[in-house]
Amino acid sequence: MSDTVTVEIEGRKLRLSNLDKVLYPKSRTTKGEVIDYYSRIAPVMLPHLAGRPVTRKRWPDGVAKQPFFEKNMPRGTPSWIRTVNLPVPGSTMDRETIDFVVLADLAGLVWSANLAALELHVPQWKVGPRGAAKHPDLLVVDLDPGDGAGLADCMEVAVLVRDRMAQDGLTTYPKTSGNKGMQLYAPVSAKQDSSVVSAYAHAIADELAEKHPRKILSQMTKALRRGKIFIDWSQNNAAKTTVAAYSLRGRERPTVSTPLTWDEVEAAEPVMFEPVEVLDRVEEYGDLLADLTNAGPRVPA
């Protein structure tokens, strides 16, 4: 394969460059292989990106070098990539608004991968046809292990969160973060402000931390996290994003934020998946998070 090729994807022409460049030195994974993964995972990944502004974390020189987060559309963005202008209060660049990218199709996902955007992060809300932000249609619970705790501990806490939220009529779906923790998602109504959803998640975290003080923490103080699982309810803040399902992570090896079955979670056995394994899982299970695209209930206010 030439190191630079021009391809046509669904009628869009893209120039792909530096395909032989190694982005993951430990596994010798090249940019061409990253693009191939995103191309093949697109059918199940795109529904989880649909309508959501994407923050990209890019490693142009590979994961051994310094990455950078990119919210604004980069120079040279094709005219056919959808962009939405959204407010960003408190921007570190002193910008009142940013032109975010929305990845709506295979060509857009390949374009992003060609920029070495290994990680894709999205909020729990979508934008409407005119680009205005809607109320959240997802609730997320981010389980973050402190020192001395791990993914198996996250899985035990995930079951507790699932069972507690089920009492309020919410159905939760698990995935690994592709790093050391995991996330649980529940579809919600898209008729309540993010502050309401965040307050509910906070209340659940506080309740479980009170019942299981040796295992769970709901306070953000990092000094208190050793040996515990921090239930990060703050990811429901409208300004926050979470790594998207099926996104690669910028670790030593190309791990993936991977949907799990509840049987796997209940087994509490640490799991970490790479692209080939994730593609095999999709072949076997389909998209385990497919139901997240359906409307959910209101959260208790």
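Cut-offs and rules
- Residues numbered from 1 in each chain as written.
- Predicted model: local features only at pLDDT ≥ 70, side-chain atom pairs only at ≥ 80, totals over all residues.
- Heavy atoms only, no water.
- Helix = DSSP H or I, 4+ residues; strand = E, 2+ residues; numbered from the N terminus.
- Expected span 1.5 Å × (residues − 1).
- Buried < 20%, exposed > 50% of the residue type's maximum accessible area, 1.4 Å probe, protein only.
- Arc of directions from axis to C-beta.
- Contact = heavy atoms within 4.5 Å.
- Polar contact = N/O pair within 3.5 Å; in protein donor to acceptor, adjacent residues only side chain to side chain.
- 1 Å grid on protein atoms, 1.4 Å probe; cavity = no way out; pocket = protein on both sides within 12 Å on 5 of 7 lines; lining within 4 Å.
- Points joined across faces, edges and corners; volume = space filled by probe spheres on them.
- Nonpolar A, V, L, I, M, F, W, Y, C, P; charged D, E, K, R; others polar.

The name an unreviewed UniProt entry assigns to the chain is DNA ligase D polymerase domain-containing protein, from the organism Fodinicola feengrottensis.

A. How the structure looks around helix H4 (residues 194–211). Counted at 1.5 Å a residue, the expected span for H4 with its 18 residues is 26 Å, and the 26 Å between its end C-alpha atoms agrees. For H4, the set of buried residues is Ser194, Val197, Ser198, Tyr200, Ala201, Ile204, Ala205, Leu208 and Ala209. When H4 is viewed along its axis, its buried side chains cluster within an angular range of 170 degrees and face the same direction. Those residues of H4 that are exposed and angled more than 90 degrees off the buried face are Glu210 and Lys211. On the buried face of H4, the contacting elements are strand S10 (138–145), helix H3 (151–166), strand S13 (216–217) and strand S14 (229–232).

B. Representation of the environment of tyrosine 200. Turning to its location among the elements, tyrosine 200 is positioned in helix H4. According to the relative accessible area criterion, tyrosine 200 is buried, its value standing at 6%. The sequence separation of tyrosine 200 and threonine 29 amounts to 171 residues, and the corresponding C-alpha distance is 41 Å. Not counting chain neighbours up to four residues away, the residues in contact with tyrosine 200 comprise Leu139, Met165, Asp168, Leu170, Val299 and Pro300. Among the polar contacts listed, one links the side chain of tyrosine 200 to the side chain of aspartate 168, at a separation of 2.7 Å.

C. Region of interest: empty space enclosed by the protein. If you walk through the whole model with that rule in mind, you get two cavities of 30 Å³ or more. By volume, the largest cavity amounts to about 150 Å³. In terms of lining residues, the largest cavity is bounded by 17 residues, among which His48, Arg52, Leu138, Tyr185 and Leu292 are the most central. Of the residues in the lining of the largest cavity, the class split is nine nonpolar, four polar and four charged. By volume, the second largest cavity amounts to about 40 Å³. What lines the second largest cavity is simply Tyr246, Thr258, Pro259, Val278, Arg281, Val282, Tyr285, Gly286 and Leu288. Classifying every residue of the lining of the second largest cavity by side-chain character gives six nonpolar, two polar and one charged.

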